[in-house]
Amino acid sequence: MPYKILHLSDTHGFHHRLSALPRADIVVHSGDFTMNGSQREAIDFMNWFCRLDYPHKIFICGNHDDCLYGANIDGLDNNVHYLCNSAVTIEGMKFYGVPMFMNDCTTSRQTLHYANIPDDTDVLITLTPPLGILDFDDDVNYGSEELLTRIATVQPHLHLFGHIHSQFGVQILNNTLFSNGAIMNDDPSRLRTPNLIAFF
């Protein structure tokens, strides 16, 4: 039986404007849920996310969410999972999340985080796209070459990311479905509908 995953990213504080979201078994937010990176914004998002009516909910942090760098997040509902270079298995699927904190990106730590993605990952969640896949904007490919290299080895079924707002969409390459779920566009009053993915 297929499971439906609702993927969104880059809400940047506008999550309350999302209404009538599609039904799914699992909702995944791949980072940048705040705009200014304040603790108030992060708490507001987590309260909203926990209230969503989905059986399972997963989120990671993006470069805008630096207030949670090194944070130990307690008090989440049992069906809400914060992944920070960590995994959770749901319905037999292993989800692994790698955040994008600027303190890691300015050192070699981010490269190490990508290298440590487990070989048995079914669904990989990052904010950053892999190089050359739904990552092009302003005549530049913003994706990570290290991430692309690791994906070629792991070969996850799904890779969920965002970051590059103009490249919202899905692409299939070498048996991996890549989803850029950045729902923010030039007009915050008209957010995109998140990607709904059937997973077998």
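The model shown is predicted, which means the values in this text are computed figures rather than measured ones.

Conventions used here
- Residues numbered from 1 in each chain as written.
- Predicted model: local features only at pLDDT ≥ 70, side-chain atom pairs only at ≥ 80, totals over all residues.
- Heavy atoms only, no water.
- Core = buried A, V, L, I, M, F, W, Y, C linked by side-chain atoms within 4.5 Å.
- Buried < 20%, exposed > 50% of the residue type's maximum accessible area, 1.4 Å probe, protein only.
- Helix = DSSP H or I, 4+ residues; strand = E, 2+ residues; numbered from the N terminus.
- Contact = heavy atoms within 4.5 Å.
- Phe/Tyr/Trp six-rings, centres within 6.5 Å; stacked < 30°, edge-to-face > 60°.
- Polar contact = N/O pair within 3.5 Å; in protein donor to acceptor, adjacent residues only side chain to side chain.
- Arc of directions from axis to C-beta.

**Student:** What's the story with the nonpolar core in this structure? I'm lost.
**Tutor:** One broad trend across soluble globular proteins is that nonpolar side chains are buried collectively. By size, the foremost hydrophobic cluster in this structure holds 25 residues, and its most contacted members are Trp48, Phe49 and Phe59. Put simply, the parts of the chain that give this core at least two residues each are strand S1 (3-8), helix H1 (39-51) and strand S4 (80-82). Sorting elements by how many residues they give to this core places H1 first, with six residues. Once residues within four sequence positions are removed from consideration, Phe59 is found in contact with His29, Phe33, Phe45, Met46, Phe49, Ile73, Leu76, Val80, His81, Tyr82 and Leu83.

**Student:** Hey, could you run me through the packing of aromatic side chains in this one?
**Tutor:** Here a ring pair, both rings aromatic, is described through the centre-centre distance and the interplanar angle of the planes. For the structure shown, the criterion picks out nine aromatic pairs. With a centroid separation of 4.2 Å and an interplanar angle of 10 degrees, the aromatic rings of Phe33 and Phe45 are classed as stacked. Linking Phe33 in the loop between strand S2 (26-29) and H1 with Phe45 in helix H1, this pair joins segments that are twelve residues apart in sequence. With relative accessibility at 0%, the residue Phe33 sits in the buried group. Residue class for Phe45 comes out buried when judged on its relative accessible area of 0%. A ring pair is formed by Phe45 and Phe59, whose centres lie 5.8 Å apart and whose planes are at 75 degrees; its orientation type is edge-to-face. In this pair, Phe45 is assigned in helix H1 and Phe59 in strand S3 (residues 56-59), connecting sequence segments 14 residues apart.

**Student:** Even after reading the chapter, I still don't get the side chain of Thr126, so can you show me in this structure?
**Tutor:** Within the secondary structure, Thr126 is located in strand S7 (residues 123-126). Among the polar contacts listed, one links the side chain of Thr126 to the side chain of His159, at a separation of 2.8 Å. Look past the residues within four positions of Thr126 in its chain and what remains in contact with it is Ser30, Ile60, Val98, Tyr114, Leu147, His159, Leu160, Phe161 and Gly162.

**Student:** When you look at the side chain of Asp104 in this model, what are you seeing that I'm missing?
**Tutor:** Looking at the secondary structure, you find Asp104 in helix H2 (residues 102-105). Within the structure, Asp104 has its side chain in polar contact with the side chain of Tyr69 (distance 2.8 Å). Once residues lying within four places of it in the same chain are set aside, the contact partners of Asp104 are Tyr69, Arg109, Gln110 and His113.

**Student:** For this particular structure, what's the right way to read helix H4 (residues 145-154)?
**Tutor:** All of the buried residues along H4 are Leu147, Arg150, Ile151 and Val154. Relative to the axis of H4, the buried residues are bounded by an arc of 105 degrees and lie together on one face. Exposed side chains of H4 directed beyond 90 degrees from the buried face belong to Glu145, Thr149, Ala152 and Thr153. Contact partners of the buried residues in H4: helix H3 (109-115), S7, strand S10 (158-161) and strand S12 (176-180).

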